[in-house]
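Chains, contacts and geometry: an overview
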Amino acid sequence: MSINEHIPVLLQPTVDALLHKPDGVYLDCTFGRGGHSRALLAGLSAQGRLVALDRDPQAVQAMSEIKDPRFQGVRSAFAELESALDSLGIDQVDGVLMDIGVSSPQIDQAERGFSFRRDGPLDMRMDPQAGQSAADFLARADVREIKEVIKNYGEERFAVQIATAIVARRTQRPITTTLDLAQIVAGAVRTREPGQDPATRTFQALRIHVNQELAQLEQGLTAAFKRLKVGGRLAVISFHSLEDRITKQFIEKLANPKSQQDARLRKLPLPEPTPLMKKLERIKPGKDECELNPRSRSSVLRVAEKLAELQGREEGAWGA
């Protein structure tokens, strides 16, 4: 796979699951380089419409290359999808796609600072004009904060050792490049699974923290449900357990509201809570796709359908 080439993950299964109404309005919350968007456009009728969002300026530039009257692109984080739809005068949509994580071009461009294999500035921001870089975070955070980020977002068992090494090294000189950080981590990690670089989990954790990815996902899922029409579909592609767990629990909570009910309330003569979503599919890539695109191996697609709007007592229990 050459630099800047991006192979969309689970492309056909995603389109097949999401595009239930060819003349509907759809939202691609994570445009990337447009692979899923182009496939969705190919399946839409002349009356269909597709809106795409992304906060990465290079992705926004790629949006401008699509010359299709059915398509509109907006520079926006997907947590702000409601504002983006409002700006276009769109109330509700028939389908929402979220492809969570970092794209191949972002990883492969050293200057973006996502890769531990290519030397570049330690940035990692999806939007280079917003928030603090990974280097800024590591320059100011104490051992405890760095440890918590690496442990919670990277599920790294050597988080304490890595955080301690980072703080010790920055007293000598600033940590400003990706390879500099990768070397520090390699010196602190004693063992690692075969084939996995010692820096993998740390870089994942810092990227998630810098971009507030899990908070963005939680906010985006809630906003997507609100803006889906009844009968509309939500499709989420995740690449690691933290993202997939949030997505799974979100859908589960709305599909099985009774299981979320406080045990004390179940004894009261209350009306049965209404399922708000229906789980449709959980899809993993096949052997052929994994061989063609090794980065797809950890991906999982979850699809659900909206059954009803929030109302009455259910709104008080909303917290997904």
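Residues numbered from 1 in each chain as written. Predicted model: local features only at pLDDT ≥ 70, side-chain atom pairs only at ≥ 80, totals over all residues. Heavy atoms only, no water.

**Observations regarding the sheet that holds strand S5 (residues 228–238)**
- With mixed pairing, the 7 strands of this open sheet are ordered in space as S3-S2-S1-S4-S5-S7-S6. If you trace the sheet from one side to the other, it starts and ends with strand S3 (71–75) and strand S6 (277–283), each paired once. Within the sheet, the average angular offset between the axes of one strand and its neighbour, ignoring direction, is 15°.
- Bridge count for strand S1 (residues 25–28) against strand S4 (residues 93–99) is 3 bridges, and the pairing is parallel. What sits directly across from Leu 27, in S4, is Val 96. (Pairing = 2+ DSSP bridges. Helix = DSSP H or I, 4+ residues; strand = E, 2+ residues; numbered from the N terminus. Axes fitted to C-alpha atoms, helices over the stretch in contact; angles between N-to-C directions.)

**A closer look at the nonpolar core**
- In this structure, Leu 81, Val 96, Met 98 and Leu 234 are the most contacted members of the largest nonpolar core, which totals 34 residues.
- Elements with a minimum of two residues in this core: S1, strand S2 (49–54), helix H4 (81–87), S4, helix H11 (213–227), S5 and helix H12 (241–255).
- The element best represented in this core is H11, accounting for 6 residues.
- Aside from chain neighbours lying at most four places away, what touches Leu 81 is Leu 27, Cys 29, Leu 53, Met 98, Gly 220, Ala 223, Ala 224 and Arg 227.
- The next biggest cluster of nonpolar side chains, apart from the first, holds 28 residues, and it includes Ala 135, Val 167, Ile 175 and Val 210. (Core = buried A, V, L, I, M, F, W, Y, C linked by side-chain atoms within 4.5 Å. Buried < 20%, exposed > 50% of the residue type's maximum accessible area, 1.4 Å probe, protein only. Contact = heavy atoms within 4.5 Å.)

**Some points on the pattern of salt bridges**
- Enumeration according to the criterion identifies 17 salt bridges in this entry.
- The closest approach of N and O atoms between Arg 169 and Asp 180, which form a salt bridge, is 2.7 Å. Within this pair, whereas Arg 169 is found in helix H8 (residues 159–170), its partner Asp 180 is found in helix H9 (residues 178–188), the two being separated by 11 residues in sequence.
- A relative accessible area of 11% places Arg 169 in the buried class. (Salt bridge = Lys/Arg side-chain N within 4 Å of Asp/Glu carboxyl O.)

**Remarks on H8**
- Compared with the 16 Å implied by 1.5 Å per residue over 12 residues, the 17 Å span of H8 between its first and last C-alpha is a close match.
- Where H8 is concerned, the buried positions are Ala 159, Ile 162, Ala 163, Ile 166, Val 167 and Arg 169. Projected down its long axis, H8 shows its buried positions confined to an angular sector of 165°, all on one face.
- Looking at the buried residues of H8, the elements they touch are helix H6 (134–140), helix H7 (143–154), H9 and helix H10 (200–211). (Expected span 1.5 Å × (residues − 1). Arc of directions from axis to C-beta.)

**Let's talk about the packing of H11 against H12**
- Remark: H11 packs on H12, axes separated minimally by 10 Å, with the N-to-C direction vectors making an angle of 25°. Judged by the angle between their axes, H11 and H12 are roughly parallel. The way H11 lies across H12 gives a crossing that is right-handed. The segment H11 lies against H12, with Glu 213, Leu 214, Leu 217, Glu 218, Leu 221, Thr 222 and Phe 225 engaging Leu 242, Glu 243, Ile 246, Thr 247, Phe 250 and Leu 254.
- Counted by class, the contact of H11 with H12 contains 8 nonpolar, 2 polar and 3 charged residues. (Parallel < 35°, antiparallel > 145°, perpendicular 65-115°, else oblique. Left-handed = near helix turned anticlockwise from the far one by under 90°. Nonpolar A, V, L, I, M, F, W, Y, C, P; charged D, E, K, R; others polar.)

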